[in-house]
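Observations on chain architecture
The residues making up each chain are set out below.
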Amino acid sequence: MTEPTPRIMLIHALRESQVPAWRAFEAGWPQARIFNLLDDSLSADVAARGKLTDDMIERFLTLGRYAAGTGADAIQFTCSAFGPAIEAVKRDLSIPVFSPSEAAFEAALEKGSRIGLMVTFPVSLKLLGDELTAIAAKKGRPLDIHGILVDGAIAALQSGNIAEHDRLALEAAKNLPPLDALVLGQFSLAHMAGPISQATGLPVFTTPDSAVTKLRGLLDS
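Residues numbered from 1 in each chain as written. Predicted model: local features only at pLDDT ≥ 70, side-chain atom pairs only at ≥ 80, totals over all residues. Heavy atoms only, no water.

Turning our attention to the pairing of strand E5 (residues 114-119). For a regular strand, side chains alternate in direction, first toward one face of the sheet and then toward the other. Here E5 lies mainly inside the structure; five of its six residues are buried. Both E5 and strand E6 (residues 144-149) contribute to a ladder of six bridges, which runs parallel. Note that in E6 the partner of Gly116 across the bridge is His146. A crossover connection joins E5 to the parallel E6 through helix H6 (residues 124-139); in handedness this β-α-β unit is right-handed. (Buried < 20%, exposed > 50% of the residue type's maximum accessible area, 1.4 Å probe, protein only. Helix = DSSP H or I, 4+ residues; strand = E, 2+ residues; numbered from the N terminus. Pairing = 2+ DSSP bridges. Right-handed = clockwise from strand over helix to strand, strands pointing away.)

Moving on: helix H4 (residues 83-92). Residues Gly83, Ala85, Ile86, Ala88 and Val89 constitute the buried set of H4. Close packing links the buried residues of H4 with helix H3 (54-69), strand E3 (74-77) and strand E4 (97-98). (Contact = heavy atoms within 4.5 Å.)

On to the confidence of the model for the protein. Confidence in the prediction for the protein averages 93 pLDDT; 98% of positions are at 70 or higher. The least confident element of the protein, judged by mean pLDDT, is helix H2 (residues 41-49) at 91; the most confident is strand E7 (residues 181-184) at 98. (pLDDT = per-residue confidence, 0-100.)

A few words on the sheet that holds E5. Strand order in the open sheet formed by four strands is E6-E5-E7-E8, with parallel pairing between adjacent strands. Two strands in the sheet have a free side with no partner beyond their single neighbour: E6 and strand E8 (204-206). Across the sheet, the mean angle from the axis of one strand to that of its neighbour is 20°, orientation sign disregarded. Looking at chain direction, E5 and E7 are connected through four bridges and run parallel. When the sheet's bridge partners are listed, Gly116 is paired in E7 with Leu182. (Axes fitted to C-alpha atoms, helices over the stretch in contact; angles between N-to-C directions.)

What follows is about the packing of helix H5 (residues 102-109) against helix H10 (residues 207-219). One way to put it is that H5 packs onto H10 with a least axis distance of 7 Å and a crossing angle of 90°. Put simply, H5 runs roughly perpendicular to H10. Facing H5, whose interface residues are Glu102, Ala103, Ala104 and Glu106, H10 presents Thr207, Ser210, Ala211 and Lys214. Class assignment of the residues belonging to the contact of H5 with H10 gives a composition of three nonpolar, two polar and three charged. (Parallel < 35°, antiparallel > 145°, perpendicular 65-115°, else oblique. Nonpolar A, V, L, I, M, F, W, Y, C, P; charged D, E, K, R; others polar.)

What follows is about the pattern of salt bridges. Side chains that differ in sign of charge can pair as their charged atoms come close. Within the structure shown, the criterion is met by 14 salt bridges. With its nearest N and O atoms 2.8 Å apart, the salt bridge here joins Lys126 to Asp130. Residue Lys126 and its partner Asp130 are located together in helix H6, separated by four residues, close to a single helical turn. Residue Asp130 is classed as partly exposed on the basis of its relative accessible area, which comes to 39%. Ionic pairing is found between Arg167 and Glu164, a salt bridge with its closest N-O pair at 2.9 Å. In this pair, Arg167 and Glu164 both sit in helix H8 (residues 162-173), three residues apart, roughly one turn of the helix. By relative accessible area, which is 25% here, Glu164 ends up partly exposed. Bridged by salt links that share partners, the residues Glu87, Lys90, Glu102, Glu106 and Lys214 form one connected network. (Salt bridge = Lys/Arg side-chain N within 4 Å of Asp/Glu carboxyl O.)

Quick look at the packing of helix H1 (residues 18-28) against H10 now. Between H1 and H10, the shortest axis-to-axis distance is 9 Å and the interhelical angle comes to 50°. With respect to their mutual orientation, H1 and H10 come out oblique. Considering the relative orientation of H1 and H10, their crossing is right-handed. Contact residues: Pro20, Ala21, Ala24, Phe25 and Gly28 in H1; Pro208, Asp209, Val212, Leu215 and Arg216 in H10. A per-class count over the contact of H1 with H10 returns seven nonpolar, one polar and two charged. (Left-handed = near helix turned anticlockwise from the far one by under 90°.)

Spelled out as structure tokens, the structure:
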């Protein structure tokens, strides 16, 4: 008997990425069969070292191979600070592997070339900027990135102070230059899309919702 929907493995490097991912699937593809792998030591290690290292890439390859071995039809990563490691997993496996941000970047580029990129995890800013630049170049699109690091937001979130996390993100959004679109680069920022769009008047793209939309379009036949 053919199973109704593909088996999708979510791989998380931050605890805070899990609930936004689950909510995005509940809203955008509730029939999907999703499963989870979490190794939050990865986010702690990359934050401590300030960069992605070869041993972290090997750990990602191990996670990817394990996920494929469970019978996953596709893998969706949810942490944005590991672009080169995710690319290594893509090259290593024969099943579809998706980064957290590619779908949101593709959608934002349809709105224009001036793209805001808001993050709360410091290492993410350069890595996501590089990924966005590569996607724009592949599509032959001009690009002007405005990066926004919301200082203190991830610490507030991890200490349980969600209200302070949200306040900091909203304050940062109120000081943006003219943009065509804004991408919220962390899964944990997704719930702020509505307030930020209302405050700025911008099209706001979230990584989990955009990822689910792309996954469903590609895999839900």
